[in-house]
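Structure at a glance
Here's the letter readout for the chains.
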Amino acid sequence: MTATGRDGAAAEPEYDEAAIRFLAVLWGDGYLSPGGPAEVDRVLAGVDLKGRRVLDFGCGAGGITLHIARTHGPAEIVGYDVEQPVIDRARAAAASAGLCAVARFVSSPPGRLPFDDSEFDVVFSKDAMIHVPDKEALFAELFRVLKPGGVLAASDWLIGHDGAPSPDMQDYIAAEGLSFGMASPRRYLEAMAAAGFADGTVESRNAWYREVARGELARLQGPLHAEAVAAVGEAYVAKNIRTWTAMQKVLDSGEHCPAHLRGVRPAAGVRP
């Protein structure tokens, strides 16, 4: 759930210091999306990053970027986000970990990415595309910065249909209070294909996160409660308990559909 490239003028950060501290208690230091290193590795399953240049789109506070730098052997990984507070956190974490030679972090306003055409071998993203309503423009940009033959490996939070959100989904989105631009698997696949990606796939992770989120809610109400309150205060924790309760309803119904995404920019001269 990391904030990235939203359309329009820059706004106040959605992932401020309180959000970063709270999610660190729940998901781990530097992580703004669930599942930890194991889920990152599942998103990247079968993708060789050794010696490659990698973009982490919507990198948030850098925990995922630094995990990839430590364990997957890229020549360089660039974390990108539109929100300066998380980029500042990520840069400090990279310096503390001694990973600045491999991992660097870039921020820019929403819109065209500040990278050259065909700059990266792999584009990775973890639960960040939800914040970009224009999926067609998003995938066109990710395609542009990938080298021919390059791979897109990502996860995101999707809605399970093309209709209007249900009242339960509307309640959940309002409880989050974030700029969610949710879209269906069909729209993701169509946007990827329109951008030029080949072999596009969407794999549902609803069953996995449905149970993980149930455990997160139980920990917030129980063993993590005191630690979370110490980090961000009682009111902030209570608000998030309400959010997780609302989220559980739409996970259980299947309307909230986290998913893994995969696509390939065809090699030069190869039609998708």
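Residues numbered from 1 in each chain as written. Predicted model: local features only at pLDDT ≥ 70, side-chain atom pairs only at ≥ 80, totals over all residues. Heavy atoms only, no water.

Section: the packing of helix α5 (residues 135-145) against helix α7 (residues 185-195)
So the rule is basically this: Fitted lines through C-alpha atoms serve as axes, helices being fitted only where they are in contact, and the angles separating the N-to-C directions of these axes extend from 0 to 180 degrees. Secondary structure elements are defined from DSSP: runs of H or I of at least 4 residues count as helices, runs of E of at least 2 residues count as strands, and each element is numbered from the N terminus. Angles are sorted into four bins: roughly parallel if under 35 degrees, roughly antiparallel if over 145, roughly perpendicular if 65 to 115, and oblique for all others. Left-handed is the label given to a crossing in which the near helix is rotated counterclockwise from the far helix by less than a right angle, and right-handed is the label when the rotation is clockwise. What makes two residues a contact is simply this: any of their non-hydrogen atoms within 4.5 Å. In the scheme used here, Gly and all other residues not listed as nonpolar or charged are polar, with Ala, Val, Leu, Ile, Met, Phe, Trp, Tyr, Cys and Pro taken as nonpolar and Asp, Glu, Lys and Arg as charged.
Viewed as axis vectors pointing N to C, α5 and α7 meet at an angle of 45°, and their least axial separation amounts to 8 Å. Accordingly, the angle class assigned to the pair α5 and α7 is oblique. Seen from above, α5 lies across α7 with right-handed handedness. Contacts between α5 and α7 involve K135, E136, F139, A140 and F143 from the former and R187, Y188, A191, M192 and A195 from the latter. Residue classes in the contact of α5 with α7 are distributed as 7 nonpolar, no polar and 3 charged.

Quick look at helix α2 (residues 36-43)
Our working rule: Classification of residues uses two cut-offs on accessible area relative to the type maximum, computed with a 1.4 Å probe and protein chains only: under 20% is buried, over 50% is exposed, and between them is partly exposed. The directions from the helix axis to the C-beta atoms form the arc being described.
Among the residues of α2, those classed as buried are G36, E39, V40 and V43. An end-on view of α2 places all buried positions within 105° of arc, on one side of the element. Structurally, α2 contributes buried residues whose contacts are with α3 (63-71), β4 (120-126), β5 (146-159), α8 (206-221) and β7 (256-264).

Comments concerning the environment of N206
Selection rule: By the criterion applied in these results, polar contacts are pairs of N or O atoms within 3.5 Å in which, for protein atoms, one can donate a hydrogen and the other can accept it, and in which residues neighboring in sequence qualify only through two side-chain atoms.
Examined against the element boundaries, N206 turns out to sit in helix α8. Here N206 falls in the buried class, since its relative accessible area comes to 8%. Sequence separation of N206 and A90 is 116 residues, and the distance between their C-alpha atoms is 29 Å. In contact with N206, not counting residues within four places along its chain, are L251, G254, H256, C257 and P258. Reaching out from N206, the side chain makes a polar contact with the backbone oxygen of H256 at a distance of 2.8 Å.

Let's talk about unusual backbone geometry
In this structure, S118 takes a positive phi of about 55° despite not being glycine. With respect to the helices and strands, S118 occurs in the loop between β3 (103-107) and β4. Residue classification places S118 among the partly exposed residues on the basis of a relative accessible area of 27%. Positioned with a positive phi, D199 is a non-glycine residue whose angle comes to about 55°. Position of D199 among the secondary structure elements: in strand β6 (residues 198-204).

Some details on the pairing of β4
Side chains on a regular strand alternate between the two faces of the sheet. So the rule is basically this: Strand pairing is assigned whenever DSSP detects at least two bridges linking the two strands.
Burial analysis of β4 places 7 of its 7 residues in the buried class, which makes it a mostly covered element. Pairing between strand β1 (residues 53-57) and β4: 4 bridges, direction parallel. The partner of D56 across the bridge, within β4, is F124. In terms of strand pairing, β4 meets β5 through 6 bridges, oriented parallel.

Looking at the environment of G222
Locating G222 in the fold gives a position in the loop between α8 and α9 (225-232). A relative accessible area of 35% means that G222 is categorised as partly exposed. On a C-alpha basis, the gap between G222 and E255 in space is 27 Å, while along the polypeptide they are 33 residues apart.

Some words on the pattern of salt bridges
Basically, it comes down to this: Just to be clear on terms, a salt bridge is a Lys or Arg side-chain nitrogen sitting within 4 Å of an Asp or Glu carboxyl oxygen.
Within this structure, the stated rule accounts for 17 salt bridges. In this structure, the salt-bridge partner of R53 is E76, at a minimum N-O distance of 2.4 Å. Of this pair, R53 sits in strand β1 while E76 sits in strand β2 (residues 76-81); the two residues are 23 residues apart in sequence, bridging distant segments of the chain. Between R186 and D162 there is a salt bridge, with its nearest N and O atoms 2.8 Å apart.

Quick notes on the sheet that holds β7
Taken in spatial order, the 7 strands of this open sheet run β3-β2-β1-β4-β5-β7-β6, and their pairing is mixed. The open sheet has two edge strands, β3 and β6, and neither has a second partner. Within this sheet the neighbouring strands show an average axis-to-axis angle of 15°, counted without direction. Pairing of β6 with β7 involves 5 bridges; the strand directions are antiparallel. Among the inter-strand pairings, E203 is bridged to a residue of β7, identified as H260. Helix α4 (residues 84-97) contacts β2 and β3 of the sheet and is inclined by roughly 165° relative to β3.

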